[in-house]
Amino acid sequence: MRLLSRLWLPCLILNVVSVLAIFKDDAYHTDWHIPLIGPSIAASTFFHRPNAESRASLIYTLTTRSILAAINPKDGELVWRQPLAESNGTGIACGGNGIIVSATGSAVASFDAANGRLFWENQFSSKIVDLGVTATNAVVVLFEDGAVRLLKEQTGDVAWEWNFVDSTDVPISLHVAESTVTVALSHISKLHLTTLSLATGREVGSPLSVAGHPDIPSTHRALHGDDVLSWTERSGSILKFMPLAPTPAPAFVDIPQDVIETTVVALKDRIAVHYKTGANSWVDIFTVDAGTAVKHYSLQPKAGAHSAISLSTSGDVTYLVWTSTDETLLYDTNRPEILETYPHPQGQSVNATLAISEVVARLDGSWAMRSFVSSWALGFVGDTHLIRNGEIAWTRPESLSSIVASTWVELLDPTTEGIVEDLNVETHTSIGAAYIHRVKRHLNELAEYGPDWVKALPQRIYNAFLSVENTESERTGKWKDFFGFRKFAVVVTAEGGLAAIDVGKNGEVVWKASLVSPPVKFAGISGIYEVRKGTVAIVAADGEYIEYDAFEGNELLRAELGAPALTSALVDTPSETKAVVVILDNGKSVVLPPSPDLGPVYLSIKESSRLVKGLRVTGLSHHPETTWTFVPPASEEITSVVSRPVHDPVASIGRVLGDRSVIYKYLNQHLLVITTINPTLSTASVYILDAVSGAVLHSATHSGVDTSQPIRVGVSENWVVYSYFGDDDVVSTPGGAAKGYHLVVSELYESEFANDRGSLGQAANVSSLTGAGKPYVLSQSYIFPSPIEAFAVSSTKQGITAREILILLPGTAGIYTLPKRIIDPRRPVGREPDNAEKEEGLFRYQPVIEIDPRSIITHERKVLGLKKMETTPAELESTSIVFAYGLDLFGARLAPSMTFDMLGKGFGKIQLVGTVVALAIGAAVVAPMVRRKQINSRWSAM
Amino acid sequence: MKLQLLALSAYLSFAAALTTIRGSISPSQQLPNPSVLPADTTITLTTSGAQYYTRLRADNTFVFRNVSEGSYLLDTACSTHHFAPLRVDVARDGEVKVAQTFRGNPWSNVGEKKGVPIELQPVKAAEYYVTREGFNPMKMLGSPMILIAIFSVISMMFLPKLMDKMDPEFMAELEEQKKKRAATAQNQPNPLANFDMASFLAGRSKPSSPAPPAQEQERGGKRK
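Quick caveat, the model's predicted, so the values are computed rather than measured.

### Quick word on the overall build of chain A
- A count of helical and extended segments in chain A gives 6 helices and 64 strands.
- Dimensions of chain A, computed from the C-alpha atoms along their principal axes, are close to 120 × 75 × 70 Å.
- In chain A, which comprises 942 residues, the share counted as buried stands at 52%.
- Once local pairs closer than 6 in sequence are excluded, the contacts in chain A between residues at least 24 apart make up 49%.
- Element-wise, carbon and sulfur atoms account for 55% of the exposed surface of chain A, whose accessible area totals about 42,300 Å².
- Between the mean site of the 78 positive side-chain charges and the mean site of the 100 negative ones, chain A shows a separation of 7 Å.

### Some details on the interface of chain B and chain A
- Each partner contributes to the interface: chain B provides 51 residues, whereas chain A provides 62 residues.
- Between chain B and chain A, roughly 4,700 Å² of surface is buried when both sides are summed, and carbon and sulfur atoms account for 55% of that area.
- It is Tyr128, Tyr129 and Arg132 of chain B that lose the most area in chain B upon contact with chain A, and together they represent 18% of the buried surface on that side.
- The residue Asp157 of chain A makes a salt bridge to Arg65 of chain B at a minimum N-O spacing of 2.7 Å.

### What to know about the sheet that holds strand S20 (residues 228-233) of chain A
Residue and element names in this part refer to chain A.
- Taking strand neighbours across the sheet as the criterion, the 3 strands line up as S20-S21-S22 in an open arrangement whose pairing is antiparallel. If you trace the sheet from one side to the other, it starts and ends with S20 and strand S22 (251-254), each paired once. The average undirected angle you get between the axes of adjacent strands in this sheet is 20°.
- Both strand S21 (residues 238-243) and S22 contribute to a ladder of 4 bridges, which runs antiparallel. Across the sheet, Lys240 pairs through a bridge with Phe252, a residue of S22.

### Points about the UniProt feature "transmembrane region" (unreviewed entry) in chain A
- In the UniProt entry, the feature "transmembrane region" (unreviewed entry) is given for residues 910-930 of chain A.
- Measuring from the first to the last C-alpha atom of residues 910-930 of chain A gives 29 Å, for a span that is 100% helix and 0% strand.

### Observations regarding the UniProt feature "domain: Pyrrolo-quinoline quinone repeat" (unreviewed entry) in chain A
- According to UniProt, the "domain: Pyrrolo-quinoline quinone repeat" (unreviewed entry) feature falls on residues 495-584 of chain A.
- As annotated, residues 495-584 of chain A comprises 0% helix and 60% strand, and the C-alpha atoms at either end are separated by 22 Å.

### Side note on the UniProt feature "transmembrane region" (unreviewed entry) in chain B
- In the numbering used here, UniProt assigns the feature "transmembrane region" (unreviewed entry) to residues 140-159 of chain B.
- Secondary structure across residues 140-159 of chain B comprises 95% helix and 0% strand; the distance between its end C-alpha atoms is 26 Å.

Rules used in this analysis
Numbers given to residues run from 1 along each chain, matching the order in which its sequence is written. Each chain is given a letter, starting from A, and each ligand a number, starting from 1, according to the order in which they appear as written. Where totals are concerned, whole chains, interfaces and linings use all residues; where local detail is concerned, this predicted model gives features only for residues with pLDDT of at least 70, and gives and counts side-chain atom pairs only at 80 or more. Computation of side-chain values covers all heavy atoms of the structure but excludes hydrogens and water. Every helix listed is a DSSP run of H or I at least four residues long, and every strand listed is a run of E at least two residues long, numbered separately from the N terminus. Exposure classes here rest on a 1.4 Å probe applied to the protein chains alone. A residue is buried below 20% of its type maximum, exposed above 50%, and partly exposed in between. Contacts are assigned to residue pairs with any non-hydrogen atoms lying within 4.5 Å of each other. In these tables, accessible area is a Shrake-Rupley quantity obtained with a 1.4 Å probe, and a residue counts as shielded only by the protein chains included in the view. Residues scored as charged are limited to Lys and Arg (positive) and Asp and Glu (negative), so that His and the chain ends carry no count. Note that the charge is assigned to NZ on lysines, CZ on arginines, CG on aspartates and CD on glutamates. Note on definitions: buried area is the accessible-area loss of two parts on being combined, 1.4 Å probe, summed for both. Salt-bridge detection follows one rule: a side-chain nitrogen of Lys or Arg within 4 Å of a carboxyl oxygen of Asp or Glu. At least two DSSP bridges between two strands are required for those strands to pair. Each axis is a line fitted through C-alpha atoms, and for a helix only the stretch in contact is used; angles between axes span 0 to 180 degrees, taken between their N-to-C directions. UniProt positions are given in the numbering used here, feature names are shortened, and annotations may be inferred rather than shown by experiment.

Printed below as a string of structure tokens:
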């Protein structure tokens, strides 16, 4: 009982305090989520039946983001997905009888193919080269160090292990047969085959040498099963392959000079070789007869740089499916004639890079064909599609899993955009003229829009009562909805793609464009900004400045800056426009668009893990001056540099205490937070700086910190939150510290005392340059039950609404919202709050923050792999819009103080009208009665 | 000899330094069937500089392989149920001790001992949603204000009828009293009619000018 009470006490307090909760009828309406898995790995993508009884197969794929997933081919929904250990975009997945086995890095895991639950996993010290699944679901694994291990089907424990003698041997591949496994390895630059017994792990027969000087690694793509071995020789100019038979005889083909990619696909007794040059591609079909491969026929080259082939067998026939950009061709591998051509729908071309297919012959002589295709486009790599008989049944936007940066774009207001000129006239004439102009304009508008408005009124009233969502939020395109819930997020992918995502409309992609042209690889991004209404500017890391129309996706401007960009920032110019300041690698700075009137702006830049520099840039000079440098104490490394959000309005400059006195917040737009770690002493330090003067305003050092885990920071208004993993073991703390994730909050005030501004006195303006004084800092530390991936702070138009801290939880894959007032460093410690403190809304300090599931804005959704959250205000003060990316995409509305400025769904319009009507009827009935009674009583009283 | 022993023990300790820790989630009152837990339920062992994580298996067990010596915090990340943290101590010789722990308590404070292999039980199911309180007539009837209103309405309707059934003598007396009261009420000015809002707000208790009461009396007369 005591246990329960101890556990739930913090929760109860949270329940009392927490105001934000997800309403059941809001969930899935005001938020959206696109679950993604990333680009598929060709050799680890296959159709497979989830269990022996099942008739329909699922698509299983392992992606370069190390996610193993099962996709339903009917609608493209994920049946399940499991994140695996990261392994630089490589990995192997194989299907067994009701299981899927995966290997990433040095870990092997076996999953239930139907629901994705883990059967077993095992971790080794060496990397995995290849694996195979036996008929009994045991797994044979070939390791980089040359070991071959058989893992038991039930537990994943090692059943036997085989090591080959020579350490110079290079393992290549593994081929599982009925009772044996054949290991291909390069031994003294010869290709050797060793056959092992599956039962014992002993060698069967002597090693066989099949070829000399194979290329390591091979330069072709092998997408075949265990029956074929393929390799290249002479730096990729000869491709050899052979069926694994008792007397192997390799077949070979010469690869022409201009071929950039060859793929070998094998199924049953057919082998297909696909050649790609930059301009066209063709296919050779081989037939395996008694252990030797014989060329059957060649298919004529098709123009186009992109195509993919796949083999599928149904009955006795093996089909070849050749997916090119505009059409899918179906062949019977017995004959070189086309069986069927499926042209892709107009405007839906697919640049296939990999394809897997299923073909079934129908009774009427036609075929049912479906292909799962991964496509390539400039800047967008890995989108997957299902092509069913030439129709694109569904598309998954996997290329958006690699978003690295984003910016918000404000949409246009249809009520002011059309009359910009009229408004300008009104602002620039005298008051009288402007008044007359406005009255005239309103009369015109009344004549123009009035009749339509009146006509639409019954429909509007009808909708207001009976439809769930306000119809005014239905505006599309670049026009803002009434409440401003729709905004575009313009995002940049790691491959150099640029896309606009409509965050208010379930993450719909509005347009796509590419920042790069083919031969050049995208160098990365330094910054993306909304520079003007409807214009975004991108500063690429290689020193290019590009402007795009945010609504249409047209390139407006492209300028070379002359050197790679180190850092960039968006600044306000005196003429009320915005400019991008870029600091270049060559020590110069550029201001775009050129604004000579730009006064000095101060930027800070992390030069190395031991140095942060402050720079001063003006619109005229091209040489930034270094104003200050920050070097942490010896053996500390700088891990992150964080500043306040650009849009961070503060509604109140002070905090009113219970006794009506005020403590003033230390508000500094140039707050800069630097975190450092010291791995030798296991400490972490946090420095709060003034980014203009470089003065250290506050610093704190925590001992017993796990420096291998990241320290996350969030900054807003006059406070800083950060988290780290604290451990008593490393440095014994007197009294004993708690082990777990610590969440520290520090608030900055001008003075310790109420109604006192400390050194600032009566100053109305404060300058960092003349000394803004040192803040008085209050801190409190909490234990948080989960690791933290990132912080963000809710952002509203005026900053009146209470702030909420968004915390990305990687463990349960959710976003938790923590009201700032819960982690208030003024909470009384070790005593109950007195009346004044209660009035202030403070409650007793509890060291633990329990996660209340009702404050998880992602509720039952699993948002996997998110890296960053961006917030922006809506038109309504109460609401903040959230967009999160990294792997999945997630968008939601956030109302930290509830939607006080909007009638919610809980407001019963029909009830209200009903009550008013009932009251009116009641009053009409009762009024004569009361009047009569009053008169009667007066008469009787006389 | 001694050296050899030392070497041997060092070897043994090294060999045993990596331990396998097993555990399971067994059916409980909160969770009668643990197989309903999501496939991505993960269990982590964390201490400074080392972190092991594993997923819940299909048979509702979990295994940490090759865990090195240390004092770990065991956390369960599950989207449908909430689990309490545990403390797992792995000794140099590979011995595993499990104890209940409370977040925020000093780590030196070892909690109640638990058995090995570890058994996890959920504390509570996670509830993500709040249902919006709609219009509920029964709930409205239950509120005290509405009950008072209903009671007064009923008494207003039934009191006159009760009166009719009363003793005629008592009735007459009541009438008399009523008349008297009415008469005094006629003579006394209505206190509300005499209310001076401005002076009330100004904080003055009595109206400064004596004239208004007379006027009010006149008006009161007219109303007859």
